[in-house]
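# Overview (structure and organization)
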Amino acid sequence: MKALPANRWLLPGLRVIVGAIFMHAGLAKMADAPTFAASLNALQLFPNTLTSVAATSLPWLEVLAGFLLVADWPRRLGAFATLALSGSFAVAISLTMLRGLDADCGCFGPGEPVGWMALGRDLLLATAAAFIYREACSESRNRRSYSTNSSSTGCGINPA
Amino acid sequence: MTRHLQRDLCAFLLLCAVSLAAGKISSAFQDQNTLAPRELSLSEFRAFAAAKRGLLLDARSRDSYAGGHVPGAISFPGIYFEGSYLALQPKLEAAKSQPIVVYCSGRYCKMSDTVAQRLARLGFRNIAIFPGGWEAWQRAVLPEER
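Residues numbered from 1 in each chain as written. Chains lettered and ligands numbered in written order. Predicted model: local features only at pLDDT ≥ 70, side-chain atom pairs only at ≥ 80, totals over all residues. Heavy atoms only, no water.

### Some remarks on the overall build of chain A
Inclusion rule: Under the scheme used here, helices are H or I runs from DSSP no shorter than 4 residues and strands are E runs no shorter than 2 residues, and both carry numbers assigned from the N terminus. Only protein chains enter the area calculation, which uses a 1.4 Å probe; residues under 20% of their type maximum are buried, those over 50% are exposed, and those in between are partly exposed. Here a residue-residue contact requires only that any non-hydrogen atoms of the pair lie within 4.5 Å.
Helix and strand counts for chain A come out as five helices and zero strands. Helices and strands in chain A line up, N terminus first, as α-α-α-α-α. The burial tally for chain A puts 50% of its 160 residues in the buried class. Long-range contacts, defined as pairs at least 24 residues apart, comprise 64% of the intrachain contacts of chain A with a sequence gap of at least 6.

### Digging into the overall build of chain B
Threshold: Computed with a 1.4 Å probe, the accessible areas rest on the Shrake-Rupley method; for each residue, only the protein chains presented here act as cover.
Tallying secondary structure elements over chain B gives six helices and five strands in all. When the elements of chain B are put in sequence order from the N terminus, they spell out α-β-α-β-α-β-α-β-α-β-α. Within chain B, buried positions represent 45% of all 146 residues. Contacts in chain B between residues far apart in sequence, at least 24 positions, make up 66% of those at least 6 positions apart. About 7900 Å² of surface is accessible on chain B, with carbon and sulfur atoms providing 57% of the total.

### Examining the layout of surface pockets
Just so we agree on the cut-off: Points on a 1 Å grid, built from protein atoms alone, make a cavity when a 1.4 Å probe fits but cannot get out and make a pocket when they are open with protein on both sides within 12 Å along at least 5 of 7 lines; residues with an atom within 4 Å of a point are the lining residues. Grid points are joined across faces, edges and corners, and a volume is the space filled by probe spheres set on the points. Just so you know the grouping, Ala, Val, Leu, Ile, Met, Phe, Trp, Tyr, Cys and Pro go in nonpolar, Asp, Glu, Lys and Arg go in charged, and all remaining residues, Gly too, go in polar.
Counted as a void, the largest pocket has a volume near 690 Å³. For the lining of the largest pocket, the elements supplying multiple residues, two or more each, are α1 (7-31), α2 (33-43), α3 (48-71), α4 (75-98) and α5 (116-148) of chain A together with α1 (3-28) of chain B. When residues of the lining of the largest pocket are assigned to their parent elements, the largest contribution, seven residues, is made by α3 of chain A. Tallied by class, the residues present in the lining of the largest pocket amount to 25 nonpolar, four polar and four charged.

### Some remarks on the packing of aromatic side chains
In plain terms, the rule: Two rings from Phe, Tyr or Trp (for Trp, the six-membered ring) form a pair when their centres are within 6.5 Å of each other. A pair whose planes differ by under 30 degrees is stacked, one over 60 is edge-to-face, and the rest are tilted.
Enumeration over the complete set of coordinates arrives at eight aromatic pairs over all chains. With a centroid separation of 5.8 Å and an interplanar angle of 70°, the aromatic rings of Phe80 of chain A and Phe12 of chain B are classed as edge-to-face. Separated into two different chains, Phe80 of chain A in helix α4 and Phe12 of chain B in helix α1 make up a pair that spans both. Assigned by exposure class, Phe80 of chain A and Phe12 of chain B land together as buried. Considering the side-chain rings of Tyr85 of chain B and Phe124 of chain B, the 6.4 Å spacing of their centres and the 80° angle between planes classify their relative orientation as edge-to-face. You can see Tyr85 of chain B sitting in helix α4 (residues 81-94) and its partner Phe124 of chain B sitting in the loop between α5 (111-121) and β5 (127-130), a full 39 residues away along the chain. A relative accessible area of 2% means that Phe124 of chain B is categorised as buried.

### Observations concerning unusual backbone geometry
Across the junction of Trp73 of chain A and Pro74 of chain A, the peptide omega takes the value -10°, indicating a cis bond. Within the secondary structure layout, Pro74 of chain A lies in the loop between α3 and α4. Its identity as a non-glycine residue notwithstanding, Asp72 of chain A has a phi of 60°, on the positive side. Summarising the element assignment, Asp72 of chain A is placed in the loop between α3 and α4. With phi around 50°, Val141 of chain B is a residue other than glycine that occupies positive phi space. Overall, Val141 of chain B belongs to the exposed group, its relative accessible area being 73%.

### Description of the pattern of salt bridges
Pairing of side chains with opposite charge becomes possible as their charged atoms draw close. So the rule is basically this: Only one rule defines a salt bridge in this text: a Lys or Arg side-chain nitrogen within 4 Å of an Asp or Glu carboxyl oxygen.
For the structure on display, the rule yields ten salt bridges over all chains. Arg75 of chain A serves as the salt-bridge partner of Asp72 of chain A, at 2.4 Å between the closest nitrogen and oxygen. Arg75 of chain A gets classed as partly exposed once you look at its relative accessible area, which sits at 33%. The shortest N-O distance in the salt bridge between Arg60 of chain B and Asp58 of chain B comes to 2.8 Å. The pair Arg60 of chain B / Asp58 of chain B is uniform in exposure class, with both members buried. Members of the salt-bridge network, linked through shared partners, are Arg15, Asp72, Arg75 and Glu139 of chain A.

### Concerning the interface of chain A and chain B
Note the threshold: In this description, buried area is defined as the sum, over both parts, of the accessible area (probe of 1.4 Å) that is lost when the two are combined. We define a polar contact as two N or O atoms separated by no more than 3.5 Å, with the added condition that, inside protein, one atom must be a possible hydrogen donor and the other a possible acceptor, whereas residues neighbouring each other in sequence contribute only through side-chain atom pairs.
With 35 residues of chain A at the interface, the matching set in chain B holds 30 residues. Of the roughly 2800 Å² buried between chain A and chain B, counting both surfaces, carbon and sulfur atoms make up 66%. Applying the counting criterion to the chain A and chain B interface returns one salt bridge. Of the charged contacts, one joins Asp8 of chain B and Arg76 of chain A as a salt bridge, the two residues approaching to 3.0 Å between their closest N and O atoms. Run the count over chain A and chain B and you get three residue pairs in polar contact (both at pLDDT 80 or more). Of all the secondary structure elements, the ones that give two or more residues to the side of chain A that touches chain B are α2, α3, α4 and α5 of chain A. Broken down by element, the residue count for the side of chain A that touches chain B peaks at ten residues, all from α3 of chain A. Here the residues of the side of chain A that touches chain B are counted per class, giving 19 nonpolar, eleven polar and five charged.

See below:
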């Protein structure tokens, strides 16, 4: 894919925006861990014993993923982590909606119900993260091709 | 799966492990009981109901409550949370530091979870639910109050 001229600013900008959103979401959950645990419990995704573990570790994972994305080091890890997280959130929200549960998503602290709005936002974040990851992969592929003259692709994603 | 994807996946799992450790350390500084509404077994719930220490909330409808409830339970219809809360506010505020146990119809009723979640949001920290609910209580042929 030929790089768009806007990519020069688009990619760093997107990285900072997505990373900041993840850090904000993680910090909001950390600030009110009991409410987030109650939200997770109401989603009925994990047994009760796992809910406490998920409620304490997930906000850290979000903050770390967001930080790595903003810091742009390691280049692919931040993008991969945010992609994996937003994809998992989208699946969790879809499952909750399919089961017809009227629960709080706890995405940015309390007060937001699970619904199309939350799902749409997660899918948008997943798309942005996938784009960043793909660009990071292309970059590492180009670097490798330059140093080894290899024709193999990076990250298993074949650019057109 | 390419080697790069495998490497990214491994790095992500390592990040998960770091987050898990960080979460464990941070939760060690908090009261574990406040993190999620604890689920009580029937024997624990019986002991709580008998001890009459703290509040026992029945999250079912008023009609179901009138048809029979756990002795000592207070009606708190979860579907009208705001109204239920306002009606019981003085009692609830007075019992803020005491344990609160919520139950509803049975295992498939999610109202006790919802009530526990909303109370937690209002600053109540010592909340537990009895997932077996009224069905488990009746099945065990325990005393009822009408």
